[in-house]
Amino acid sequence: MAVPQWLLMSALFLLPLLAQIPAQEPGCSISNSNPSVPENKCPLVVAAIHVQPGFTLTIDPSYPDGQFFTIEGSELQLTKCVDYEEDPLLLLSLTCQDPAGQSDSLQILVTILNENDNSPVFPQPNVTRQIPEDTEVDTVIVAREEVTAADADLDTIYYELTTTAQNTDGYFAIRGVNNPEIYLQTALDYDKFNSTTLLLYARDRPVTSPEPNGTNTATATITITIKQSDTRAPWFLPCTQLHNDSSVCISSPYSGRVNISEMSTDPLLLEPGPIYAVDPDYTISDRIVYRIVGGNTNEVFLVDADTGNLTMNKIVTSPDSFLLQVMATQVSNVRKYSVATVEIKVITKSNFPPYFEKGVYNGTVFVGLPQRSFVYQDGDPSTPLVITAMDQDFPDKVNPNIEYYLKNSTDFIATRDGLILTNKVLESPGTVTIQAVGKDVLSLQEASTIIVVEVILATAVTPSDKMYSAQDMAILGGTLAALLLIALVFLGVLIWKSSRWHRKPFKYLVKEKLSKEISEGHQNNYYQEDEQPYVSTKQHETSESSSVQTESPVPELPALASHFSSAEETESLPKGSIASTVILEEEEVEEEEEEEKEEEAGQEKEVKSILKTDRHVPDDGYKAVWFKTDVDPEAGERVEVIEDNAADDDNDDDDSDQGVQKNEEEEGSGTDGHHQGLGVSFSSENSSLPAVEVTVSMSHTGAGTDDTEM
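First, a word on what this report is: a plain description of the structure on this page. Predicted, not measured: the structure shown is a model, and the values here were computed from it. (Residues numbered from 1 in each chain as written. Predicted model: local features only at pLDDT ≥ 70, side-chain atom pairs only at ≥ 80, totals over all residues. Heavy atoms only, no water.)

### Details of the side chain of Asp440
Point 1. The residue Asp440 is located in strand β35 (residues 430-440) in this model.
Point 2. Buried and unpaired, Asp440 has Arg257 as its nearest opposite-charge partner, separated by 7.0 Å.
Point 3. Among the polar contacts made by the side chain of Asp440, one reaches the main-chain amide nitrogen of Leu442 at a distance of 3.0 Å. (Helix = DSSP H or I, 4+ residues; strand = E, 2+ residues; numbered from the N terminus. Buried < 20%, exposed > 50% of the residue type's maximum accessible area, 1.4 Å probe, protein only. Lys, Arg positive; Asp, Glu negative; His and termini not counted. Salt bridge = Lys/Arg side-chain N within 4 Å of Asp/Glu carboxyl O. Polar contact = N/O pair within 3.5 Å; in protein donor to acceptor, adjacent residues only side chain to side chain.)

### With respect to the state of the cysteines
Point 1. One pass over the full model with this rule turns up three disulfides.
Point 2. Linked covalently through their sulfurs, Cys42 and Cys81 form a disulfide whose S-S length is 1.9 Å. The sign of the S-S torsion, about -80°, decides the handedness of the disulfide formed by Cys42 and Cys81: left-handed. Of this pair, Cys42 sits in the loop between β2 (36-38) and β3 (44-51) while Cys81 sits in the loop between β6 (75-78) and β7 (89-97), and the two are 39 residues apart along the sequence. (Disulfide = S-S within 2.5 Å.)

### Observations regarding the sheet that holds strand β25 (residues 322-330)
Point 1. Spatially, β20-β19-β26-β25-β22 is the arrangement adopted by the five strands of the open sheet, whose pairing is mixed. In this open sheet, the two strands that pair with only one neighbour each are β20 (270-271) and β22 (288-294).
Point 2. Alignment of strand β19 (residues 254-259) against strand β26 (residues 337-347), held across six bridges, turns out to be parallel. Considered in β26, the bridge of Val258 is made with Val346. (Pairing = 2+ DSSP bridges.)

### Some words on the sheet that holds strand β4 (residues 56-59)
Point 1. In spatial order, the strands read β2-β8-β7-β4; together these four strands make up an open sheet with mixed pairing. Whereas interior strands pair on both sides, the edge strands pair on one side only; in this sheet they are β2 and β4. Direction aside, the axes of adjacent strands within the sheet are offset by 30° on average.
Point 2. As defined by bridge partners, β2 adjoins strand β8 (residues 103-113) across three bridges and the pair is classed as parallel. Residue pairing for β8: Ser36 is matched across the bridge by Thr111. (Axes fitted to C-alpha atoms, helices over the stretch in contact; angles between N-to-C directions.)

Shown next as structure tokens:
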């Protein structure tokens, strides 16, 4: 029973006075006249009482709150539970009566302590919302007033929002921990989810409270349904979703073929299929219309607005291909459209489909061969199995546009040329039946055949019948190519060396030949002693280590002084010079013949000098040839000593090359000497033989008498 407010106030005011005034009858007393008790806890001892003998203590029934208490012996007990939210204070009066019948009153004011014993309460525990897919982010979904919880304990409420649907976290959120307003946090996608259930928790303690068991919680359920919106343009099928994102689908271009100079009335067959587009917002499923917006030169093609079928409007007279652009648009929203590419190739009409000459091809392959090994013809283990489709549209029945593939086997593959290869390492023997297809990539016509492959054990292979895979053949080819390259390089070096020898000048060849003859002991059989009576023996001995230089200055040459090293220089010489050269060659031939005769007879003749006894003064034109081994001291000739270089002749070729190069350099600086003389010197390989110098001096003016003295 509720106590009047004025009575409670009066009791509170009088309690201090009552506590100071001693009871008139000391026979009754109470330990605490203003106790405090927690709410909703009973039975509970409120205070202790003391009653003298002969006295009685009772609860005054005129106080309504007395019904909550009882006296048990020496204790005042609360027998009925009190809710703070209903009775925060209780007032009762105790009557103490002595044996004479006089009574006195003891008033007790009991304070009820508030406890956290009430849970928050939502105004609506279940809330339902339906929102469109294109709802903007940060839009309020459920207002704060609809989901604010009340707490009878007047505690502060803390909120938390979760979701029960998988993969829907992060789309919805509340404004704050003490503000339960729900809003859209992330853009919606109908293809990802079209509904979700949210749970909103209200607690009278924070989630991180150290006393989680003393927290009272209330829960509200918010069910949200998403309505699909018209957010995407049409998709051409077939298409592939990008990165598993259902909002984007990429379609491949369409392709087709038409025959030149031929009109087709049926819809064109396209790959990968007919032109077809859909509205990806399938709950709306707006109608799609088609039209050609580009690439339709001369209006050759037409497209059906409703079905998308592509047909011909005119014949094609040129082999040029067409690249059409077809647009698909939603009827209710023209801003939602997509464009697809259609490639139309113009080809020559195929009157005959391809065909295989054999209905069944038989082949063999061994167990354990590596991947991409050949399958060989049955009965001919050295010949790879090849399937060939013929086409009567071609004169030789060979259609270069045919490609091959296998349908029902992953253990084998077919190359573009029709070779059958293994696609993996075969581990067990057996028989494999394969369907092979040859397809004309232009006319799209096909032919099929059967391939029966016997997989046999590798132990059946003999050394003479050993099979080689494509990898083995490739390694062999690479090795042969490397060897061929090495051979070509070696051959090129030999040719280069040979070309160096053949480029040696004619004068060098003459010098080399004559030097060799002298070193081998050739004797001068043309020496006539009676023609040279004035040459003495002493002079001959002296001339063995010297040579005579002509009166006209001639450059000193180590081997062969020449002004021409090629055929072009030889042709540019005067005819007199050429004649002198011919004379030298004739003399060499005669010397060789004489030498052979002397060897047969066993005769040894002394090598004597051939000396020019008289030399004409240079005039308008002459040429002279002289050989000098002895020098007449009275002749007034200049003498040069030529060292005996017999040891150097071991490297004849190298020394000759260097001599020729030096002579050419010296001759390049003095071109005028070309008409004055030609100096040729020889040294014997045998040190016992005298050094011989042969000097050819030539000059030609075109009208002179040639004088040669020996």
